[in-house]
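Chain and residue survey
Here is what each chain is made of, one letter per residue.
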Amino acid sequence: MLAIILSWISISIVFLSFGDFFVFLYNKLSKRDERYEIIDTFLLGMCFTLIPLSVLSFWLPSNQYTLLSCLLFSIIYWILRKEHFRNIPKQTKLLLQRFKTLQLIAFIIPVLAIAIAILWQVGVFDSLFYHQQNIRWNEEFAVVPGLGNLEHRFAFNSNYLLLSAIFSFRFLFGEAVYCLHVLVLVYVLCWILKEIFTSGFEIKRLLLLIVFTGYIFTFGYSLASTSTDAIPNIVSFYLISRLLLYPNSIKEKFLFYVCIPIVLLTFKINILPLSLLSLVAIYYFFKAKQYKAITITLSTATIIVVLWLIRNVIISGYLIFPFSEIDIFTVDWKIPKRIAIEEVDFIKSCAIRIFNDLLNHLTTFSFTIEGIKNWLISFIFICPVIISPLMVVYSLIRKKYLNKIIYLAYISLILIFTVWYIGGPDPRFIGGVLFVMFYFVIYLLLEKKEEKHLKKTGILIVGLFVFTMAAWPVVRTGKFMKMFNLSLVHRENQRPVSDILIRPYPYKELLRSAGIYKDSFYEYQISKDVSVYISESPEVLNGRYVCFDSPFPCTISASGVGIKYLDVTEIEARGKSLQDGFRVKRND
């Protein structure tokens, strides 16, 4: 718990400081006065932190020393802007005074509940197999040429994994803390609660809380592990829902609506169509002849994307892996084209299978708890996409007072769905977008010229939400204690349960407690000076082989239980150290 709190505090300090600094710099250079609330500053800071972090990663590991540098920058910035800093406690006090005591409790309980719930790490394959190892590569080395040859999934190069490296706190707790994406969710949740209370329990905001709660409990499993899908989905949910509630904000918060959608593609490429919102914002500012603001903002977003592309080329040899069609570089560490093609086919085949399962759940209803749950999830995922065109046409005819920007937001959602369906319709990839489409349909149904407030019903809804969130970590803890045979009494093969007061309980230790962990790793010598570990340790009993976060560096054999196309015997070291990278063995 201590590790999560410390990580959240550090992330908040760095992101809010970097965000405030760049907003200040942008306003100065463009001669504007854009003002942002806490969540917007936090998200902007997340994006702008990537600039120095990406640049440094070309020569240095992204670890505690990078974090220390970011914290020192934050301190120096606030010292230089001490008058602005002194206003923060006053503004915070005024903000808190707007809420009643019970409302403040409604903020605190869900945040604590989420922090407790994620103490038990779950066994998500991608996380156990390559996310955790990828974060360690970022922590211990500068960007490694041809790292994608060791494991092709490293070549996806999500900026989430780069940011997570500097906030892992491995140096302090001996193990990494993976809670960056969870903190983003916490900020969005607090924004929704703030909207409910300050609006006087307005109905659309209450329904937004219900829909977001559905997202939390549908994809809650990924919160307690690493996830490259979470941040793009949570932020997309926030962007669209904010635009629905405040359509004209796209004309006022230019830096935000241009940078955020563009930078999100460096976390997950399939979120690219959200950048339509950036084009809309640019259009309005071009009409207003705000050329300086356009130049500064686009330059900043472009720098972040270009730095990400450079890292892609160094890791894989491609501008964007696994899109082998964009093949413009000739480097000795390039991943073979067949690997990229096989990965694209694999992603599509898995996603189509999952999508077919959704259709099957929707058409074969069963009166069981599991059957009802599967049907509801399938309904939320599929039906709003089908119904939405009819709702949009109806609104265009009968609700002419609706802001046209709302329909542009809808177009961006449809484009995301199109890319998703073509590229691989797995709900995990766009979970937040699926839920915000559901909310979009509800919004069109309920939107009227005059807002409707439901104070008594609102208090009940918020009360039930707080109760549900409070119960979640209790139920989850009981479930994990039983599932993994955990005991409050110390046992020889079990890490003490009390350890969660300090740090999260790793999935590897849960398996060990249940007596199903297989400690099977052997060292493979790639060259005289370079070696890696090969895992034969399954994620579950008789499951696929995974690497966890240690030993490091680790991968699996192509002949092992898992999905690997390029065997470790087919690659060679490019030099005398891991930092020199890897390449496919030459035929000569």
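Attention here is on the structure that accompanies the text. (Residues numbered from 1 in each chain as written. Predicted model: local features only at pLDDT ≥ 70, side-chain atom pairs only at ≥ 80, totals over all residues. Heavy atoms only, no water.)

**Looking at helix α8 (residues 159-166)**
By the criterion of burial, α8 is predominantly enclosed, with eight of the eight residues buried. Within α8, the full set of buried residues consists of Asn159, Tyr160, Leu161, Leu162, Leu163, Ser164, Ala165 and Ile166. (Buried < 20%, exposed > 50% of the residue type's maximum accessible area, 1.4 Å probe, protein only. Helix = DSSP H or I, 4+ residues; strand = E, 2+ residues; numbered from the N terminus.)

**Concerning the sheet that holds strand β3 (residues 554-555)**
Read across the open sheet, the three strands follow the order β1-β2-β3; overall the sheet is mixed. Each end of this open sheet is capped by a strand with a single partner; those strands are β1 (521-525) and β3. Alignment of strand β2 (residues 531-535) against β3, held across two bridges, turns out to be parallel. For Ile534, the partnering residue across the bridge sits in β3 and is Thr555. (Pairing = 2+ DSSP bridges.)

**Observations concerning the nonpolar core**
The nonpolar side chains of soluble globular proteins are, as a tendency, buried together. One finds Leu43 and Trp137 to be the most contacted residues of the largest nonpolar core, which totals 200 residues. Contact partners of Trp137, with chain neighbours within four places excluded, come to Val144, Leu147, Leu150, Phe154, Phe552, Pro553, Leu578 and Phe582. (Core = buried A, V, L, I, M, F, W, Y, C linked by side-chain atoms within 4.5 Å. Contact = heavy atoms within 4.5 Å.)

**Some words on the packing of aromatic side chains**
One pass over the structure, following the stated rule, counts 46 aromatic pairs. When the centroid spacing of 5.9 Å and the interplanar angle of 35° are considered together, the rings of Phe156 and Phe321 count as tilted. One end of the pair, Phe156, is in the loop between α7 (147-150) and α8; the other, Phe321, is in the loop between α16 (291-316) and α17 (337-363), with 165 residues separating them in the sequence. Each ring, one from Tyr410 and one from Phe440, has its centre 5.2 Å from the other, and the planes form 15°; the classification is stacked. (Phe/Tyr/Trp six-rings, centres within 6.5 Å; stacked < 30°, edge-to-face > 60°.)

**So, the layout of surface pockets**
Of the volumes computed, that of the largest pocket is approximately 2,000 Å³. Leu16, Ile38, Ile39, Thr92 and Leu95 are, among the 45 residues lining the largest pocket, the residues nearest its centre. By residue class, the composition of the lining of the largest pocket is 29 nonpolar, eight polar and eight charged. (1 Å grid on protein atoms, 1.4 Å probe; cavity = no way out; pocket = protein on both sides within 12 Å on 5 of 7 lines; lining within 4 Å. Points joined across faces, edges and corners; volume = space filled by probe spheres on them. Nonpolar A, V, L, I, M, F, W, Y, C, P; charged D, E, K, R; others polar.)

**Considering a nonpolar patch on the surface**
A cluster of nonpolar side chains, contributed by Leu68, Leu72, Ile75, Ile76, Ile79 and Leu80, occupies part of the molecular surface with about 620 Å² of accessible area. Within the fold, Ile79 resides in helix α3 (residues 64-80). For Ile79, a relative accessible area of 56% gives the class exposed. (Patch = residues over 30% accessible without salt bridge, like charges linked within 9 Å, V, L, I, M, F, W, Y side chains within 5 Å. Areas by Shrake-Rupley, 256 points an atom, 1.4 Å probe, with all protein chains shown as cover. Salt bridge = Lys/Arg side-chain N within 4 Å of Asp/Glu carboxyl O.)

**Quick look at unusual backbone geometry**
Here the bond from Ser550 into Pro551 is cis, since omega is 5°, no more than 30 degrees from zero. Secondary-structure assignment places Pro551 in the loop between β2 and β3. Phe552 connects to Pro553 through a cis peptide bond whose omega is -5°. Here Pro553 shows up in the loop between β2 and β3. Even without being a glycine, Lys31 presents a positive backbone phi close to 55°. Locating Lys31 in the fold gives a position in the loop between α1 (2-30) and α2 (38-57). Look at Lys31 and you get exposed, because its relative accessible area is 71%. Here Phe201, not a glycine, exhibits a phi torsion of approximately 65°, which is positive. Taking relative accessible area as the criterion, Phe201 reaches 7% and is therefore assigned buried.

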